[in-house]
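# Results of the structural survey
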Amino acid sequence: MTAATKSKRSEPPPAAKWTHRHLLGLEDVSADEIRLVLDHARHFKEVSTRDIKKVPALRGKTVVNLFFEASTRTRTSFEVAAKRLSADVLNITASGSSVTKGETLIDTVHTLEAYRIDILVMRHAASGAPHFLSRHCTSRIVNAGDGMHEHPTQALLDLFTMQERGKSFDGLKVAIIGDIIHSRVARSDILGLNKLGAHIVLCGPPTLVPKRFEEFGAQRTTRLDEALDGADVVYCLRMQFERQQANFLPSVDEYVRLFGVTAERLKRAKPDAIVMHPGPLNRGIELTSEVADSARSAVLDQVTNGVAVRMAVLFLLAGVN
Amino acid sequence: MIQVQLIDATQMYRTLMRMAHEIIEKQADVGALGLVGIQTRGVPLARRTAANVLAVCGIEPPVGELDITFYRDDLGARLDQPEVKSTHFGFDLTDRDLVIVDDVLFTGRTIRAALDAIMDFGRPRRIMLAVLIDRGHRELPIRADVVGKNVPTGRNENVRVHLAEVDGVDEVVLYRPEST
């Protein structure tokens, strides 16, 4: 051994830590934690490009997809993500579960937990359902959409897609267009984008973009051209006709005329602006096929990135003691 | 914490050069060599080893970067959150004679994870292991083919390799609790 040294070397600043047992929404997630998920997602995306698209990170863990609402793309995205992490996956839908026989939500989950599951991915029509469950179960819970409240993994994959398309969040102008009031995606996107410093403009008919959304720190307009002017990201939301109990719109034709994104109207956005949509998209309503299929469209990137982001979320939750 | 410098910059240069010679001696076909550095400090060590092989025999083996986080067997059991780094191979691993390069060999669990990870990327003809420091305390039947320096340590001690590329200085330091 050579000479002893007393020099103190500077350590790199500690990286953000993920400390949440559950991912219920982005409201309680910090900007650093969001960046941590995005950073992990970047590495997990590389896994999906390999010949063997699988790593053993969650080997021996069981992930349950408990979907009380119809969903194909979110459920399959979680399923692919869990399987690429080598977890065992159970898919349970409300129509095939004992819920239809009158079993309570807590009893359903307690029954599942008796199988020693580790992570519960849950979609429910009632806002706050995963929050309620998180107080009554030992598994980690991922909110895969609760009513009109939040859809955090969708927002995280949206943020990841923007970042991947070269967008820097600080000062980024994001126009979110359409059925804001019924959209849990919009709520989570607004929360996430706000935390990262983006400027958000919400646009749609006044019935679908209520004034109270300004409390989220977003600008509000009913004029599409104003929302599109200089936008970096144009985020079209699906018209959720199935949730529209009241008469929110005079007609779909009028909505298309006033708020449908066309190639011509998109010229108002920045030349490198991207177009996003959480899917499934109603072609010819929220946006034209010309826009949806253009190089500016990041819709399929969102689908691809959903797997990477959900792998990151499952990995981080599984690693929390 | 008492800090004892085990290797300085000059000794590290000589050690790495000797390790390169040993790798070449063990490898009949240097052209078939490929180096895989384990993130974080194994990567610059692998690059330096490749440069040393080039200096000795005129052939520079390709260098890949491997992160083993997804292959660890202690997710959820660790107190610290694993930091994920990139994995990147610029060459086909199949039928290569690979040398895994890392800074410190300790329990052997990192190397086990590295072997699992490499097998997911291809089927190398042979895999060797080169480490700058072997500090003992193996928990798995793994040994290095090329060792820079064997350092007998206590379980409560820590060995850290500092490299100019990452830490701004080349040295190996032993950290020992004051009470021992």
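See the structure above.
Here's what I pulled together on the structure shown here.

Conventions we followed
Note that residues are indexed from 1 along each chain, following the sequence as it is written. Whichever chain is written first is A, and whichever ligand is written first is 1; the rest continue in order. Predicted model: local features are reported for residues with pLDDT of at least 70 only, side-chain atom pairs are reported and counted for 80 or more only, and whole-chain, interface and lining totals are derived from all residues. Side-chain metrics rest on all non-hydrogen atoms present in the structure, leaving aside hydrogens and water. At least two bridges found by DSSP between two strands are what make those strands a pair. By definition, any uninterrupted DSSP run of H or I lasting at least four residues is a helix, any uninterrupted run of E lasting at least two residues is a strand, and each is numbered from the N terminus. Here an angle of 0 to 180 degrees is reported between the N-to-C directions of two axes, which are lines fitted to C-alpha atoms, with helices fitted over the stretch in contact. By definition in these notes, contact holds between two residues if any of their heavy atoms fall within 4.5 Å. Expected span of a helix, by definition, is 1.5 Å for each gap between consecutive residues, and there is one gap fewer than residues. Within this scheme a cavity is a closed region of a 1 Å grid, computed over the protein atoms alone, that accommodates a 1.4 Å probe without allowing it to escape, whereas a pocket is open but has protein on both sides within 12 Å along at least five of seven lines; lining residues each have an atom within 4 Å of a point. Grid points are joined across faces, edges and corners, and a volume is the space filled by probe spheres set on the points. Throughout, the ten residues Ala, Val, Leu, Ile, Met, Phe, Trp, Tyr, Cys and Pro are labelled nonpolar, Asp, Glu, Lys and Arg are labelled charged, and all others, Gly among them, are labelled polar. Two rings belonging to Phe, Tyr or Trp (six-membered ring only in the last case) form a pair when the distance between their centres is within 6.5 Å. Interplanar angles under 30 degrees mark stacking, angles over 60 mark edge-to-face geometry, and anything in between is tilted. Partly exposed describes any residue whose relative accessible area lies between the buried limit of under 20% and the exposed limit of over 50%, with all areas from a 1.4 Å probe on protein chains only and scaled to the type maximum. Counting as a charge over the ring demands two things of the Lys NZ or Arg CZ atom: a distance within 6 Å of the ring centre and an angle within 35 degrees of the ring normal. The salt bridge definition used is simple: a Lys or Arg side-chain nitrogen within 4 Å of an Asp or Glu carboxyl oxygen.

Looking now at the sheet that holds strand E8 (residues 171-176) of chain B. All names here are of chain B. Read from one edge of the open sheet, 3 strands run E1-E8-E7, paired in antiparallel fashion. The strands lining the two open edges of the sheet, one partner per strand, are strand E1 (2-7) and strand E7 (158-162). Neighbouring strand axes in the sheet, compared pairwise and without regard to direction, differ in orientation by 25° on average. Pairing geometry for E7 and E8, over 5 bridges, is antiparallel. By the bridge assignment for E8, Asn158 is matched with Tyr175. Docked against the sheet, helix H1 (residues 9-26) engages E1, E7 and E8, running at close to 45° with respect to E1.

So, about helix H3 (residues 109-121) of chain B. Compared with the 18 Å implied by 1.5 Å per residue over 13 residues, the 19 Å span of H3(B) between its first and last C-alpha is a close match. Its buried side turned inward, H3(B) meets strand E2 (33-38), strand E3 (63-66), strand E4 (97-105) and strand E5 (126-134) of chain B.

Before going further, it helps to examine the layout of surface pockets. Residues and elements named next belong to chain A. By volume, the second largest pocket amounts to about 440 Å³. The wall of the second largest pocket is formed by 22 residues, among which Arg123, Arg184, Arg238, Gly279 and Pro280 lie closest to the centre. For the lining of the second largest pocket, the secondary structure elements donating two or more residues are helix H2 (73-84) and helix H6 (184-195). Among the residues making up the lining of the second largest pocket, the classes are represented as 5 nonpolar, 10 polar and 7 charged.

Glancing now at the packing of aromatic side chains. Inspection of every chain in the model, using the stated rule, returns 7 aromatic pairs over all chains. With a centroid separation of 5.3 Å and an interplanar angle of 65°, the aromatic rings of A:Phe44 and A:Phe315 are classed as edge-to-face. Of the two residues, A:Phe44 sits in helix H1 (residues 31-47) while A:Phe315 sits in helix H11 (residues 299-318), which places them 271 residues apart along the sequence. Judged by its relative accessible area of 3%, A:Phe315 is buried. A connected cluster of aromatic rings, assembled from ring pairs, spans A:Phe44, A:Phe315 and B:Phe70. Directly above the ring of A:Phe78 sits A:Arg310, whose terminal nitrogen or CZ lies 4.8 Å from the centroid. The positively charged end of B:Arg160 is found above the aromatic ring belonging to B:Tyr175, 4.7 Å away from the centroid.

Turning next to the sheet that holds strand E2 (residues 88-93) of chain A. Residue and element names in this part refer to chain A. An order of E2-E1-E3-E4 is seen for the 4 strands of this open sheet, with the pairing classed as parallel. Each edge of the sheet is formed by a strand with only one pairing partner; in this case those strands are E2 and strand E4 (140-146). Pairwise comparison of adjacent strand axes, ignoring direction, gives a mean angle of 15° for this sheet. The sheet contacts of H2 involve strand E1 (62-67), E2, strand E3 (119-124) and E4, and relative to E1 the element is tilted by about 180°. The strands that H11 touches are E3 and E4; relative to E4, the one it contacts most, it runs at about 150°.

All names here are of chain A. A complete count under the given rule lists 31 salt bridges over all chains for this structure. The partner of Glu79 in a salt bridge is Lys83, and the shortest N-O contact between them spans 2.8 Å. Of the two residues, Glu79 and Lys83 are both situated in helix H2; the distance of 4 residues between them amounts to about one turn of the helix. Taking the relative accessible area as the measure of exposure, Glu79 reaches 15% and is therefore buried. Residues Lys270 and Asp232 are paired through a salt bridge, measuring 3.0 Å at the closest nitrogen-oxygen approach. With Lys270 in the loop between helix H9 (263-266) and strand E9 (274-276) and Asp232 in the loop between helix H7 (224-228) and strand E8 (233-236), the pair connects residues that are 38 residues apart, well separated along the chain. With a relative accessible area of 35%, Lys270 lands in the partly exposed category.

Keep in mind that these numbers describe shape and distance, not what the molecule does.
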